[in-house]
Protein chains: 2
Amino acid sequence: MTTPLLLPFALGDASMVDLLGGKGANLAEMTRLGLPVPPGFTITTEACRRFLDTEELPPELPDLVSAAVIQLETQSGRTFGSTTNPLLVSVRSGGRFSMPGMMETVLNVGLTDATLPGLAARGGWRFAWDCYRRLVQMYGHTVLGVEAGRFDELISDARTRLGAVDDAHLPATALEDLVRQFRRVLAEDTGQDLPQEPRVQLDAAIGAVFRSWNGDRAKTYRAHEGIPDHLGTAVNVVEMVFGNTGHRSGSGVCFTRNPSTGSAAAYGDYLPDAQGEDVVNGSRETMPLDELGTREPELHRQLLAHLTTLERHYRDLCDVEFTVEDGRLWLLQTRVGKRSPAAAFRIAADLADEGLITVDEALWRVDGHQLESLLHPRFADLDGQRPLATGLPASPGAAVGVVAFDAAAAVAARARGQAPVLVRMETSPDDLAGMIASEAVVTARGGLTSHAAVVARGLGRTCVTSVGGLVIESAAFRATTADGQVIVAGEVVSVDGTTGRVYRGALDVRPSPVARALEDGADPEASPLVLAVTGLLRHADARRTLRVRANAETEGDARLARRLGAEGIGLCRTEHMLLGARRELVERVVLDDRRDDALAEIEAVALDEFTRILRAMDGLPVVVRLLDPPLHEFLPDLVGLAIDAAHREDRHEHDETQDAKLAAVRRWHETNPMLGLRGVRLLTVVPELVVAHVRALARAQAALRAEGLDPRPEVMVPLVATESELELAARHIEAGWREGDPTTTIPVGTMIELPRAALIADSLARTAEFFSFGTNDLTQTTWGVSRDDAEGSFLAAYRREGILTTDPFTTLDERGVGQLVRTAVQLGRSSRPTLGLGACGEHAGDPASIHFFAGLGLDYVSCSPPRVPVARLEAGRAALHHDDKAGADTR
Amino acid sequence: MTTPLLLPFALGDASMVDLLGGKGANLAEMTRLGLPVPPGFTITTEACRRFLDTEELPPELPDLVSAAVIQLETQSGRTFGSTTNPLLVSVRSGGRFSMPGMMETVLNVGLTDATLPGLAARGGWRFAWDCYRRLVQMYGHTVLGVEAGRFDELISDARTRLGAVDDAHLPATALEDLVRQFRRVLAEDTGQDLPQEPRVQLDAAIGAVFRSWNGDRAKTYRAHEGIPDHLGTAVNVVEMVFGNTGHRSGSGVCFTRNPSTGSAAAYGDYLPDAQGEDVVNGSRETMPLDELGTREPELHRQLLAHLTTLERHYRDLCDVEFTVEDGRLWLLQTRVGKRSPAAAFRIAADLADEGLITVDEALWRVDGHQLESLLHPRFADLDGQRPLATGLPASPGAAVGVVAFDAAAAVAARARGQAPVLVRMETSPDDLAGMIASEAVVTARGGLTSHAAVVARGLGRTCVTSVGGLVIESAAFRATTADGQVIVAGEVVSVDGTTGRVYRGALDVRPSPVARALEDGADPEASPLVLAVTGLLRHADARRTLRVRANAETEGDARLARRLGAEGIGLCRTEHMLLGARRELVERVVLDDRRDDALAEIEAVALDEFTRILRAMDGLPVVVRLLDPPLHEFLPDLVGLAIDAAHREDRHEHDETQDAKLAAVRRWHETNPMLGLRGVRLLTVVPELVVAHVRALARAQAALRAEGLDPRPEVMVPLVATESELELAARHIEAGWREGDPTTTIPVGTMIELPRAALIADSLARTAEFFSFGTNDLTQTTWGVSRDDAEGSFLAAYRREGILTTDPFTTLDERGVGQLVRTAVQLGRSSRPTLGLGACGEHAGDPASIHFFAGLGLDYVSCSPPRVPVARLEAGRAALHHDDKAGADTR
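Since we're looking at a predicted model, the values are computed, not measured. (Residues numbered from 1 in each chain as written. Chains lettered and ligands numbered in written order. Predicted model: local features only at pLDDT ≥ 70, side-chain atom pairs only at ≥ 80, totals over all residues. Heavy atoms only, no water.)

Description of the sheet that holds strand E8 (residues 287-288) of chain B
Part 1 of the argument: Spatially, E8-E7-E6-E9-E10 (chain B) is the arrangement adopted by the five strands of the open sheet, whose pairing is antiparallel. Two strands close off the open sheet at either side, each with one partner strand: E8 and strand E10 (328-336) of chain B. (Pairing = 2+ DSSP bridges. Helix = DSSP H or I, 4+ residues; strand = E, 2+ residues; numbered from the N terminus.)

Take a look at the structure:
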């Protein structure tokens, strides 16, 4: 069977979306359902593809169009070219994928000098001239390529001349005059007039729509969205119906349910005596659907009945465009409707309750991004608020607090009972205590994966980064925005981490009821939204095989993670207990300054912290990662020490301790610390650090066991590149463990965070009992990009130039980094079939990446505690069978 | 057929090395050739493997040994256990691979109280007691496990008591006494005596050799050398012959040719009335083989005849151990002999000339490491010279010069006509001019792949790095070594880059005749060594398909590379013309300070440099790589600027220019510049730099074409990670080229130096016409190791701990980095079959890596000019067929 070039609506259905485009397929489906759709037909994407190949309309098309037009005439009772009752049609593009702003449309095709009086008989002369004006304008632009501005200028001139506030106030004579002027423009610019033969207009409009597929704007859009160039567009030719022929006419847009809250009642707007675009552009006050019910009860009843038909048929929220001409209702378009995150959950759960869809389908129709947006507090009312400064939305949430320009000030403010907002050029590990003390963090530099952003997300703090032009003079206790506004220390600001905006003063914060419900557990009085979310999360938990753990290194985080459903800790970073004030302990070990005391203190701190965390996670695995950060994070800043030394020199002061420290820091200074002495390398040079931590862990386990608890620690080695490194580290771990608890052993695993580790994973798996993919570092080395540095320099240019469309530090780069992960999984399992596999980078909380990890058969992902529900949901979705996901294509 | 457990020499041959071990197989081969080998047999590795499996000698072995001993008795005319004419045997291990120091030996097996008089009849009582003493000692240690020191002490006591200078001066009575004492030690330590049954001694010795295979020392050695544990060792049982029975006896070691020079005459040493070990341990003055010819012409004639037989048979240099007992010559061992690099070339060429081997075989028998060692000057005489300091041999050669502690001093010294040696803590791009001016570079820090090492090798300068403990006080014009010796500026030192040693004063330098010949071309009067090298290089050129290009960015380097046989420039680094004094130009472009002038100057410099290089390489490809280094290499040092600013502050001085510069450098400062704004990323942010360089290249080409020359430039984009980056860079290149020469186009390629580039090589090949593997950077990111930093911190510990046995920056890491190269080659060719493929990292000059690249089918390697001959040789060797390489196994 050859693929049809043209199909009347009555012969198509919703499944033929590739051939008819989205709009045409849905028009056919509605026709098939017996809904009142104006008669019409679709010229298929096949015809477009042939047109694109040969640059001519297929030779058989004219006869097919002729036959279809005759059928249209029969169905409508009007005749193409009739001077008394002319048939007019709209010609619109409509492809497989929606391409907003790319759509080419010519309305009122069939109107000529000869047929104009017939149209005037239907709705009056002003209506008729307005229709004619639109046809000449659209034909001129779309078919003949006249610049749109040429017509806009003339309309604008006419409005000015006549003092009309908008086009609707232009009288018939002015519109008649505009038609004349427009036709003169056509003659001047193209040497042509509007064809006075309806069929010539129609054929030209069809060709123009096809040609528009290869226009620059369309090509750029497709390249950006990844829509293949060979698909082509369909063209829908539909009888024109008019909502602007009088008070018994009108146009509206409505939804089968509330797309904002999800509540189960039709929702929409109606505008009497108007065309569809008037409803959308907001130039006139619309009436809610209920009011239509009062004014036109029969019309309202019909419309609601049709909406019910559509929702039961499509088994989802639908939106509909409709027009009423002289009391008769026409449906012009439908599609599965867009909705807010809250509505998505509520509609999915309700449709499942109503038996329209399965719970699996309901789960597939919500996603982690939607859930995440429901978990953060919001500002209650931002209308009319002008932001003080804008940056990147680095960690969502809404926070109000007093400005502090350094970590110490933030800690002090918290101690005074205030809620601080830490404002810095950028943050470093030194700022950790200040960040913990703060409600929000704002930085002038750094991107979505800067230190500030990553740590804030991990801590669940609101964060805005990359506030361009912000100059901070912390010594003067003030900052200045790019446009010269001054912020002083102690001033109250409101930070919106969801939009990246910072406001002066305290805005009202509305906490997230969903987050509260997830943290606090079941509540029989909960709102329908909370019930929908918890219900779908429960279903996701039942479905998923991928376990969800949390990255947590404090007792509080561990408890929160557990309440949010974490099934263990996949990453407990030991460095967190050694940054801030305790940083000096590592410095003393490395620089050999009262070393044994420092080691003893490191062990004591670790024993206390490990005991708390293991107690909080009793019965669940806790993966402790040995010290990982670049060495310089533990050492004093070289530039600062050098400046101090210069000042001492000028003052002829001597300080041997500081001089020695400067010399030592110079000696240990690295040009590229990220590629330097860190992770297993540091542990090989200073194995005492491993032994201290592992011994503490063993003692913590022993103490908790003595209490009758069930602690389940594991140890993980970071930054491994060779088998020998891992073997040596494993020997140090074994030795430390034996000293702490000779009666048991400890599972040892490795991070896979260097390309080489992935490439030799079979060898590593001979020593490692589990792998954990550290996809942040793996992305850094696979791309050769330091996330600390890149945001401020070239990543902005890369986004501007379209070199990067997604951030590889946010969503796993499947082609590059993902290939290495896949390789490591295969190699690792080939040498140890029981190998445990997890992921603990930033990506472990990212929906798309979770699906990738689930597809590889990983055992768990480990993300920051606030993202645990998101990961649970997406892990559940990833486990659905292909069939359950099929519905997604129609959305 | 079951594998034999025992084989008499007469039944084996050289091919049975797996079963008989190297020594046994060669003894069998000599026997087969009719050479005078004492009769004997080999207990095979199969017997050893069965012994290792079951911990018992195979049950059928005793009968086989009995039969073999009877055969030995027949052949020797002596009887095992005879009191009048006893047969004695040696029992020695001998595996597939030589394991020096692992060998277990028991001599004189068969000697007992009863057979001793029979042996005394053969060589006197002193001789007999000495043999007995050795048996008890070796049996006690090897079989019974008595500590060797126990015997050494007793001998030492005896020497002291009798005032004997060595064992040879101990009289028979002392030896008799020692036998008694030794047997008392056996009794005390083990409760056993030397068995008085010869066969019991023999079986015990065989078992002890087998057991020694699993001794700690042997296992460690095998693990280090990668020798499989399951191979097992063979045991050779050979009739004892004695070179110490009088003046008509003696022992010697000789070679079929001179192993030092390769000249074609037998070469060796003889020691009358001595055993083999006396020849080797140097305790007595040996006589050269010629002198033996004068003293014992018949013996000498026989020996030379045997040597000729061996060399013709083995088709290679052989070494031989021999013993003369009472005028009768015995050959005890032979193997293909070790030789110096010069001898390797000369012998291979001579054997091919003599028709003993093919030229292909000759080529296979030499290698790039040998050639490289022949290309550098050496110090004439180092005997008795004590080094001032020792570091890593970073770039070979011998250089004498005056010490300069900074680049400016080195440049000034050169301007005064002196030859400077630059001594620095470490070098940076700022030191380039100083390095060019210097004969040698010595650094306290940095390893074999530090900036100093890499640049020095590229420039062909002698270099020693990582001189531990060297403290340089450049302000005081002096340095101090770890042991407190002071070196002052201007002092003359001699630097040996081949050994890593630095000497005080001027040593005699002997230039390399081979290097001179290769640079200057054919010389009919050349030495045999030069003729051998040039002949084999010519053959390598004829054989190889892998082309050899050079990394060169100056006209001089290009000309040198061409003289040394380079077939183009595979890497012309544009940054080299912008470091040193011109660094400021890039700084001005980036910091936007008189930017247009700076760009114009950059273009003018490039036009001049490109024109020179293209002219020097007329007719050959020149691949120009766009600006690559980390940005900080072009900007002033942050620490230095900050210190200056602190001093200004203290002096209440103001300098707005410097303050602005400090602020700008702080803004552009990167924590990890290697992973920051560099390569294509910088070019995307500042495309004017691309345009300036490419336009200059186009103009250079046009100018040379106008002269009738044939310039062949290509352009290469560094640090690409995504398709879009490369496409954008290609557009900038095209634009720049069009401005410079609209009549032609330029081939554009990309570096593959990030893991992601290798993983998406199929996409990159759609834009890139060629790939060049930058294996330095690829190793850095694949391993997550910065070569600048690692040497000083953990790499030393890694070598000490055995974590790294080879340096991945020297020899390509085939498992990790090599896998990425392989992937990129496959993917790249899959999308562009005509894709050009080259390698231009440090590895391109490393022999093992060249074979890897050749195996992947790369088109070319590109190395520093001095390494071009090495690469030509190895590329030729890599092209040989498997059969030609087979001979390698016997060496």
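Here the narrative resumes, following the displayed structure.
Topic: the environment of B:Val493
Residue and element names in this part refer to chain B.
Part 1 of the argument: Within the secondary structure layout, Val 493 lies in strand E21 (residues 492-496).
Part 2 of the argument: Accessibility expressed as a relative area gives 2% for Val 493, which makes it buried.
Part 3 of the argument: Sequence separation of Val 493 and Asp 152 is 341 residues, and the distance between their C-alpha atoms is 45 Å.
Part 4 of the argument: With residues near it in sequence (within four places) discarded, Val 493 still touches Leu 388, Ala 399, Val 400, Gly 401, Val 403, Val 421, Ile 487, Val 502, Tyr 503 and Gly 505. (Buried < 20%, exposed > 50% of the residue type's maximum accessible area, 1.4 Å probe, protein only. Contact = heavy atoms within 4.5 Å.)

What about the interface of chain B and chain A?
Part 1 of the argument: In this complex, chain B contributes 57 residues to the contact, which on the side of chain A involves 57 residues.
Part 2 of the argument: Its largest share of buried area at the contact with chain A, chain B owes to B:Leu675, B:Arg756 and B:Arg815, together 13% of the area lost on that side.
Part 3 of the argument: Viewed at the interface, chain A and chain B are joined by six salt bridges.
Part 4 of the argument: Among the ionic pairs, B:Asp762 bridges to A:Arg815, the shortest N-O distance being 3.2 Å.
Part 5 of the argument: Inspection of the chain B/chain A interface yields 24 residue pairs in polar contact (both at pLDDT 80 or more).
Part 6 of the argument: Among the elements that take part in the side of chain B that touches chain A, helix H24 (residues 638-650) of chain B stands out by supplying eight residues, more than any other.
Part 7 of the argument: Here the residues of the side of chain B that touches chain A are counted per class, giving 24 nonpolar, 18 polar and 15 charged. (Buried area = accessible area lost by both parts, 1.4 Å probe. Salt bridge = Lys/Arg side-chain N within 4 Å of Asp/Glu carboxyl O. Polar contact = N/O pair within 3.5 Å; in protein donor to acceptor, adjacent residues only side chain to side chain. Nonpolar A, V, L, I, M, F, W, Y, C, P; charged D, E, K, R; others polar.)

Focus on the pairing of strand E30 (residues 836-839) of chain A
All names here are of chain A.
Part 1 of the argument: Burial along E30 is two-sided: the face carrying Gly 836 and Gly 838 and the face carrying Leu 837 and Ala 839 are both buried.
Part 2 of the argument: One ladder, built from four bridges, connects strand E29 (residues 770-773) with E30; its direction is parallel. Paired with Ser 772 across the bridge in E30 is Gly 838.
Part 3 of the argument: Where E30 meets strand E31 (residues 860-863), two bridges bridge the pair, whose relative direction is parallel. Each residue of the ladder has a partner; that of Ala 839, found in E31, is Val 861.
Part 4 of the argument: In this view, the connection linking E30 to its parallel neighbour E31 by way of helix H34 (residues 847-855) has right-handed handedness. (Right-handed = clockwise from strand over helix to strand, strands pointing away.)

Let's talk about the pattern of salt bridges
Part 1 of the argument: Taken as a whole and judged by the stated rule, the model has 124 salt bridges over all chains.
Part 2 of the argument: Ionic pairing is found between A:Arg573 and A:Glu553, a salt bridge with its closest N-O pair at 2.9 Å. Here A:Glu553 lies in the loop between strand E24 (547-551) and helix H21 (555-563) and A:Arg573 lies in strand E25 (residues 569-573), a separation of 20 residues in the sequence.
Part 3 of the argument: Here B:Asp350 and B:Arg346 are joined by a salt bridge, their closest N and O atoms 3.8 Å apart. On the criterion of helical spacing, the pair formed by B:Asp350 and B:Arg346 is a turn pair, its members being four residues apart in helix H13 (residues 341-353).
Part 4 of the argument: For B:Asp350, a relative accessible area of 18% puts it in the buried group.
Part 5 of the argument: Put simply, A:Asp541, A:Arg544, A:Arg547, A:Glu567 and A:Arg872 are held in one network by salt bridges that share partners.

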